[in-house]
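# Report on the structure
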Amino acid sequence: MASVAILVQSLDVRFGTFQAISQLAVAIDYGEVRAIIGPNGAGKTTLLDVISGITRPQSGQVFFDETVDLTQRSRSEIARAGVRRKFQKPSVFDALTVRENIDAGVEPGFWSQRPKSEIKARVDEVLEMVGLKDDAGRLAGELAHGQKQWLEIGMVLGSNPKVLMLDEPVAGLTDEETERTAKLVRSLRSPQRAIIVVEHDMDFVDRIADRVTVLHEGRTLFEGSMANARTDERVMEVYLGR
Ligand SMILES: Nc1ncnc2c1ncn2[C@@H]1O[C@H](COP(=O)(O)OP(=O)(O)O)[C@@H](O)[C@H]1O
Ligand SMILES: [Mg+2]
């Protein structure tokens, strides 16, 4: 297996005349949790949009497993390949139960050949992972905000993604919910998976990330440990600088 899960090269994204991403290069390895941080408008969500095939860059490549250029693939091809995304705003099916939501998230292409019992076992496993086993029969619409976030992560986990992207997973969560989310993210870390987390909460990033990439105006300002990011002068200036 390739050791680099996602390799971004010479990436340029423009919206009209606005340059959202400029000649960006990032390499994310299997086995790591990488946090992408940076001020509002730095290009973090845009980067996830390019990796997931939602936004097409003006130039550059995004290699998955070192060979597959995701900028040439459709959103569904990218998802089926195991590159999956949880969006910023939870979008669970309120009128379905927690179990039905996780079942709906199991990637059809991935599982269509498998027996029903195996799918059910996987759904049970995911319910356990995201801590919603006792809520399996409840309607998703009745869940607390934090539980909805975990449910949506569960919907993405059904297909055992190789690249898991989370956009601001602890926005609006209580301290206790944030703590549980940190434990969940760490528990999902695996040699067969790369986890990319876009987040504002620095203490959360400190707890989950092996490395951080600090974006500023669509470029990499810093890459390394969160501890070193906190003491980097340029990072302090544009971001942590209080
Ligand atoms: N579809 C779009 N059309 C025009 N401008 C956009 C679009 N998406 C993002 N932008 C702009 O690109 C910049 C980067 O946005 P974004 O990637 O969402 O930032 P971040 O997630 O780091 O806060 C922002 O200035 C934003 O307004
Ligand atoms: Mg964003």
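Overview of the structure. (Residues numbered from 1 in each chain as written. Chains lettered and ligands numbered in written order. Predicted model: local features only at pLDDT ≥ 70, side-chain atom pairs only at ≥ 80, totals over all residues. Heavy atoms only, no water.)

## Details of the environment of Val 170
- If you trace the backbone, Val 170 turns up in the loop between β7 (163–167) and α7 (175–188).
- The buried category is assigned to Val 170, whose relative accessible area is 5%.
- Along the primary structure Val 170 and Val 106 are separated by 64 residues, whereas in three dimensions their C-alpha atoms are 23 Å apart.
- For Val 170, the contacting residues outside a window of four places in its chain are Thr 178, Thr 181, Glu 199, Asp 201 and Phe 204. (Helix = DSSP H or I, 4+ residues; strand = E, 2+ residues; numbered from the N terminus. Buried < 20%, exposed > 50% of the residue type's maximum accessible area, 1.4 Å probe, protein only. Contact = heavy atoms within 4.5 Å.)

## What about helix α5 (residues 116–129)?
- Taking 1.5 Å as the rise per residue, α5 with 14 residues should run 20 Å; its terminal C-alpha atoms sit 20 Å apart, in good agreement.
- Two residues or fewer after α5 comes Gly 131, characterised by a positive phi angle close to 70°. (Expected span 1.5 Å × (residues − 1).)

## A few points about the packing of helix α3 (residues 98–105) against helix α6 (residues 145–157)
- One can describe the packing of α3 onto α6 by two numbers: an axis separation of 6 Å at closest approach and a directional angle of 35°. Judged by the sense of rotation from one axis to the other, the crossing of α3 with α6 is right-handed. Counting all contacts with α3, which are made through Val 98, Asn 101, Ile 102 and Gly 105, the residues of α6 involved are Leu 151, Gly 154 and Met 155.
- Here the contact of α3 with α6 is built from residues that sort into four nonpolar, three polar and no charged. (Axes fitted to C-alpha atoms, helices over the stretch in contact; angles between N-to-C directions. Left-handed = near helix turned anticlockwise from the far one by under 90°. Nonpolar A, V, L, I, M, F, W, Y, C, P; charged D, E, K, R; others polar.)

## Considering the sheet that holds strand β5 (residues 68–69)
- Taken in spatial order, the four strands make up an open sheet running β2-β1-β4-β5, and their pairing is antiparallel. Only two strands of the sheet have a single neighbouring strand rather than two, namely β2 (18–29) and β5.
- In this structure, strand β4 (residues 59–64) lies alongside β5, joined through two bridges in antiparallel fashion. From the neighbouring strand, Phe 63 faces β5, where its bridge partner is Asp 69.
- The strands touched by helix α1 (residues 44–51) are β1 (4–15), β2 and β4; relative to β1, the strand with the most contacts, the crossing angle is about 115°. (Pairing = 2+ DSSP bridges.)

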